[in-house]
Amino acid sequence: MIQRRGWKRWLIALAILHGIVASAGFFAPYDPTEQDRERPYLPPMKIHFVDAQGRFHLRPFFYVEHLRAGSFDQFEESTDQPVPLRFFVSGVRYRLFGLLPSGIHLFGAQASRFYLLGSDAYGRDQFSRILYGGQISLLAGLFGAGLTLFFGTLIGATAGYYGGWRDGLLMRVAELFVALPWLYLLFALRAFLPLAVSPVQAFFLIITVIGAVGWARPARLVRGVVLSAKERDFVRAARGFGATDWYLLRRHILPETSSVVLTQAAILVPQFVLAEMTLSFLGLGVPEPVPSWGSLLATLQQYSVLVSSWWMYAPALAIVPFFLVYLGLASALQQDTGAGKIVNMTGEA
Amino acid sequence: MVRMARFSSFERLLACGLLLASAAVLSKPATGIPRQASPSEELLTLPGELGNRGGRLVVSLRAEPKTLNPLTAADAPSREVILGAMQADLVHINRATQLTEPALAKSWKISPNGLEYTLILRKGLRFSDGQPFDADDVLFTFRVYLDENVHAPQRDLLIVGGKPITVHKVDAWTIVFRFAKTYGVAERLFDGFAILPRHLLEKPYAEGKLGQTWTLSTAANQWAGLGPFRLKEYVPGQRLVLERNPYYWKMDAKGNRLPYLDEMVFLFVPSADAQVLKFQSGETDIISRLGADNFSVLSKQQRGFTMIDAGPGLEYNFLFFNLNELGEKTSADMGRKEKWFRDLKFRQAMAAAIDRHAIVRLVYQGRGAELWGPVTPGNRRWVNASIPHPSRSLERARSLLKEAGFSWKNGPNGESLLQDSDGKPVEFSILTSSSNADRTKMATLIQDDLKQLGIRVQVVPLEFRSLLDRVTQTKEYDACILAIASFDADPNSDINVWLSSGGMHFWNPSQTRPLTAWETEIDSLMERQLTASSYEERKKLYDRVQEILAENQPMIFLASPDILVGAKNSIGNFHPAVLEPYVLWNVEQLYFKNSSEKSSR
């Protein structure tokens, strides 16, 4: 029997991580597009337990920070204005999972904004932006992988099962798509589209491009499995009893490909997240002010930000646990099922 | 004479050996040049700190110059190298005082009717290859500039009152320029017209090949100028090396011939960040055109260099709406938007809603000036100080919109959205150049400013060329943010922007006749100031132009960045100006203070 405990642990970890990002509205204290023009590039605020007079407080607090007089990037704490941190506070309205309207946030403060991970060039809360940005990046990865696997399985199964000229044609097309330079494809696509692309349009454009180019590799893998599965004895027996093509595919052959498809999914999702980040990093992703991990990292293209605002690196760290868990899941799936190979984890997208 | 930020044109000219034909005439070895001036030469004495000879100045250039030919140079790097270091003009505008002063012409006289300028040239001067300079060179130069077949970008400036100016030689040192109409600032006109060596260029001109001569690969002995430096070596993709012109016609107060420096090296460093790194590591000696963010990084860690904020320059950033007359094939959507944009109250409301203070603080880190007109505070002689400077007011914006028939309704998430009189939501996009982070940042700030009025704005960063194409050719856009950096403080340098027939009249370029009454008035004011003779009179006319612009808001002026520069502490006579070239305008006087510095490289 297949031992399933290994990958279940990874799956739970993954569910937790995605849950946090999916309920960004609750975990993020602020609207990711709200600007605070008095505090651009504010470093992460310090959480205090001991105040300036040396007294200990049970409830953590922070000091309001202001620009030092005459400066535009140096902040100082005003120690006469301690603001206690509160949990489950009500703040800006949002829709949990895009549905449930709510105004409760995990943490926040009443008198002043609290910047856990500092602020960006417009004084927008970096922590909130990372959480909301994750929604775009991860959703693009998940949708992209889903689309890719759907078409990959469909085309791979057709090619493998029917063989002959269909196989030849589909696999040559697949090779063509593998060789396609997807970045230039996107540049070209962008040039054809109307000038102003709304964030939603841009998002679906990215997914379409990622999916359109990515299906070839899983298709080839699925084809290989189908090719060997259709010659198995029980498949031949079923065919002998008069089973239709559709029945055979559904009942006997496609289940054989499940392990390959699952492993591929665990590999493709992070790969496509990375692809979305690359596009947004180059300014081809969702437009301002909507955040995505790639566009958050794009500010690091400026030398001055690179050397003086270290907290802008935070989105790069945010992706680490996601990628680790996906990688863990992929290798656990592979071990458990003994099928599939981890190929091209960090290589080209 | 207007340069748009990041504008470069002209195909790279093919290197060709056409000049080799005339090689025999040239290349006299530069020997026996006295260090002290000889009495027969009428050298110009410059005041200022005395320096010591020698040293090599290394500066970054953000792109390779396209040519070394002043007749075809249209891109900023070429102009910077040619006009800054290699060539000289008859009358020069002092970048520090912003006033004209004698250069190759030691004096000039204006006829009582203002139509005739008589220029007396300096005697005994030589080109950088040792050949003598006289009135024939000047005559040749202006003949070439005025020749339509040469396509010199400066030619338009020599057309005054619809007719080209005429040039006559009186004797070897006297030249007369005649204008068809009185021209207010005729002597300013000579700045930027590099005087060319007739002995080198007459032959290619006669053969009609002048446009292709003097490319970057020109041999050093085929090239000559009257500037402080002359061509030494060009390494494609890496650097351009200039050496001291031993025949230069300026000297310091002690009679030492200038320039002080032996060599100048222009490194081609395309990205601003790479330029900063090169300056930081000491590879380059001077840095200019710094962004405020990089300036503050360098200011914080200064080691051996001084960073200077020279105050607001002449660059003005502005937002403008598409006010073109649309053809029949325009979509209903565009027609509806145009109706808003043409409504003066709408534009005034936009101007009132934009937080200029935030732009200066967040984009320029406070190193800039808020603008309400095209003339920056850096242009002291021409700014109209009486233009009102209203601060941001959303209430005013709302009441203006209400007067113009706009109203608000509640959106799906409880926010209030602006709609026009037909109930259609007000939303538009703003184009910005994707290569300019500053203007993209301004657009993002404006996006948020206007969101508070219930307007949905999309920011569309586009590659600069396709942006310009949309604005001036296809005219398919809603609004756009651009910047103009004038070469000269004089209003004439921007005439192409203000005249309704001008190609850079961005909101509605190249009109056959002005569309609105106020554009008609600007046209006539600009024409009048062109021929008015006194500064006071011109100032009055140009003040009125600024007022009309502020009233009608065809451009919503945003902010002007300070000129931010830096130099090694060892460089003497370093006095940055707010006019281009910001740091190299007095390159002949720059010197290294201690002698160890120049031998260290």
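Residues numbered from 1 in each chain as written. Chains lettered and ligands numbered in written order. Predicted model: local features only at pLDDT ≥ 70, side-chain atom pairs only at ≥ 80, totals over all residues.

Turning our eyes to something else, we now look at the overall build of chain B. Counting secondary structure elements, chain B contains 16 helices and 27 strands. Against the globule reference of 25 Å for 601 residues, chain B gives a C-alpha radius of gyration of 26 Å, in line with a compact fold. Expressed as lengths along the three principal axes of its C-alpha atoms, the size of chain B is roughly 85 × 55 × 45 Å. Looking at the 601 residues of chain B, the share that counts as buried comes to 48%. (Helix = DSSP H or I, 4+ residues; strand = E, 2+ residues; numbered from the N terminus. Rg over C-alpha atoms; globule rule 2.2 N^0.38 Å. Buried ≥ 20, exposed ≤ 12 C-beta atoms within 10 Å, placed from the backbone.)

Glancing now at the environment of B:Asp543. One can find B:Asp543 in helix H15 (residues 535-552). A sequence separation of 158 residues divides B:Asp543 from B:Ala385, and the C-alpha atoms of the two residues are 8.8 Å apart.

It is worth spelling out the sheet that holds strand S3 (residues 75-84) of chain A at this point. Residue and element names in this part refer to chain A. Sheet architecture is open: three strands sit in the order S1-S2-S3, paired in antiparallel fashion. With partners counted over all chains shown, the strands left at the sheet margins are strand S1 (48-50) and S3, one partner each. Averaged over all pairs of adjacent strands, the angle between their axes in this sheet comes to 50 degrees, without regard to strand direction. Direction of pairing for S1 relative to strand S2 (residues 56-67): antiparallel, over a ladder of two bridges. Across the sheet, the residue bridging to His-48 is Phe-61, located in S2. (Pairing = 2+ DSSP bridges. Axes fitted to C-alpha atoms, helices over the stretch in contact; angles between N-to-C directions.)

Turning our eyes to something else, we now look at the interface of chain B and chain A. Across the boundary between the two partners, chain B contributes 23 residues, which contact 19 residues of chain A. At the level of secondary structure, the elements contributing two or more residues to the side of chain B that touches chain A comprise helix H5 (272-280), helix H6 (292-300), helix H9 (356-363), helix H11 (437-451) and strand S23 (456-462) of chain B. The element best represented in the side of chain B that touches chain A is H11(B), accounting for six residues. Grouping the amino acids of the side of chain B that touches chain A by side-chain chemistry returns nine nonpolar, nine polar and five charged. (Contact = placed C-beta atoms within 7 Å. Nonpolar A, V, L, I, M, F, W, Y, C, P; charged D, E, K, R; others polar.)

The next thing to look at is the domain arrangement of chain A. By the assigned domains, chain A splits into domain 1 (45-115) and domain 2 (130-337). Taken over C-alpha atoms, the centre of domain 1 of chain A sits 40 Å from the centre of domain 2 of chain A. (Domains from an automatic or database assignment.)

Before going further, it helps to examine the packing of H9(B) against H11(B). Residues and elements named next belong to chain B. Contact geometry for H9 and H11: axes closest at 10 Å, N-to-C directions at 140 degrees. Between H9 and H11, the angle falls in the class oblique. Note that H9 runs across H11; the crossing there is right-handed. Contacts from Ala-358, Ile-359, Leu-362 and Val-363 of H9 reach H11 at Asp-438, Lys-441, Met-442 and Leu-445. (Parallel < 35°, antiparallel > 145°, perpendicular 65-115°, else oblique. Left-handed = near helix turned anticlockwise from the far one by under 90°.)

What follows covers helix H4 (residues 198-206) of chain B. Residues and elements named next belong to chain B. If you check which residues of H4 are buried, you get Arg-198, Leu-200, Leu-201 and Tyr-205. Axial view of H4: buried residues confined to an arc of 155 degrees, hence all on one face. Where H4 ends, the next residue or the one after it, Gly-208, has phi of about 75 degrees, a positive value. (Arc of directions from axis to C-beta.)

Residue and element names in this part refer to chain B. Read across the sheet, four strands follow the order S6-S7-S11-S10 without closing on themselves; strand pairing throughout is antiparallel. Unpaired on one side and paired on the other, strand S6 (105-110) and strand S10 (166-171) mark the two borders of the sheet. Strand-to-strand twist across the sheet, computed as the mean angle between neighbouring axes with direction ignored, equals 25 degrees. As paired elements, S10 and strand S11 (residues 174-178) share five bridges and run antiparallel to each other. What sits directly across from Asp-171, in S11, is Thr-174. Its contacts with the sheet put helix H2 (residues 135-146) on strand S7 (116-121), S10 and S11, and the angle it makes with S10 is roughly 170 degrees.

Bringing the environment of B:Met86 into the picture now. Residues and elements named next belong to chain B. Its location among the elements puts Met-86 in helix H1 (residues 76-86). Along the primary structure Met-86 and Glu-243 are separated by 157 residues, whereas in three dimensions their C-alpha atoms are 9.7 Å apart. Not counting the four nearest positions on each side in its chain, Met-86 is found in contact with Val-81, Gly-225, Gly-227, Phe-229, Arg-230 and Leu-242.

Before going further, it helps to spend a moment on the packing of helix H8 (residues 233-240) of chain A against helix H9 (residues 245-281) of chain A. All names here are of chain A. Following both chains from N to C, one finds H8 and H9 inclined at 160 degrees, their axes separated by 10 Å at the closest point. Between H8 and H9, the angle falls in the class roughly antiparallel. For the crossing formed where H8 meets H9, the hand is right-handed. Between H8, through Phe-234, Val-235, Ala-238 and Arg-239, and H9, the contact on the second element is made entirely by Leu-248, His-252 and Ile-253.

On to unusual backbone geometry. Residues and elements named next belong to chain B. A cis amide bond, omega -5 degrees, links Leu-258 with the succeeding residue Pro-259. By the element assignment, Pro-259 lies in the loop between strand S14 (250-251) and strand S15 (263-268). In this structure, the amide linkage connecting Glu-580 to the following residue, Pro-581, adopts the cis form with an omega of -10 degrees. Along the chain, the position of Pro-581 falls in the loop between strand S26 (571-572) and strand S27 (591-592). Positive phi values are uncommon outside glycine, yet Trp-214 reaches one of about 55 degrees. Among the structural elements, Trp-214 can be located in the loop between H4 and strand S12 (229-235).

Residues and elements named next belong to chain B. Bridge analysis of S6 against S7 gives five bridges, and the strand direction is antiparallel. Counted as the bridge partner of Ala-105 is Leu-121 from S7. Between S6 and S7, which follow one another and run antiparallel, lie five residues, and Gly-114 among them has a positive phi close to 75 degrees.

With that settled, consider the domain arrangement of chain B. Residue and element names in this part refer to chain B. When the domains of chain B are assigned, the result is domain 1 (52-287 + 570-599) and domain 2 (315-561). A separation of 35 Å is found between the C-alpha centroids of domain 1 and domain 2. Of the residues lining the interface, 12 residues belong to domain 1; the matching set on domain 2 comes to 13 residues. Here the side of domain 1 that touches domain 2 is composed, by residue class, of five nonpolar, four polar and three charged.

Let us now look at H11(B). Along its 15 residues, H11(B) runs 21 Å from first to last C-alpha, staying within 8% of the 21 Å computed at 1.5 Å per residue. Within H11(B), the full set of buried residues consists of B:Ala437, B:Asp438, B:Arg439, B:Thr440, B:Met442, B:Ala443, B:Thr444, B:Leu445, B:Ile446, B:Gln447, B:Asp449 and B:Leu450. (Expected span 1.5 Å × (residues − 1).)

Another aspect to go through is the pairing of strand S21 (residues 416-419) of chain B. Looking at chain direction, strand S20 (residues 407-410) of chain B and S21(B) are connected through four bridges and run antiparallel. Across the sheet, the residue bridging to B:Trp408 is B:Leu418, located in S21(B).

Formed by 241 residues in total, the largest nonpolar core has its most connected members in B:Leu90, B:Phe320, B:Ile430, B:Cys480, B:Ile556 and B:Leu558. Counting residues per element, this core draws most heavily on H9(A), which supplies 14 residues. The residues touching B:Cys480, leaving out its near neighbours within four places in the chain, are B:Phe320, B:Ile430, B:Leu431, B:Leu467 and B:Val471. (Core = buried A, V, L, I, M, F, W, Y, C linked by C-beta atoms within 7 Å.)

Here we take up the confidence of the model for chain A. Here chain A shows a mean pLDDT of 84. Residues at 70 or above account for 93%. In the model, residues 339-349 of chain A has pLDDT below 50 throughout and makes 17 contacts with residues more than four positions away in sequence or in other chains. (pLDDT = per-residue confidence, 0-100.)

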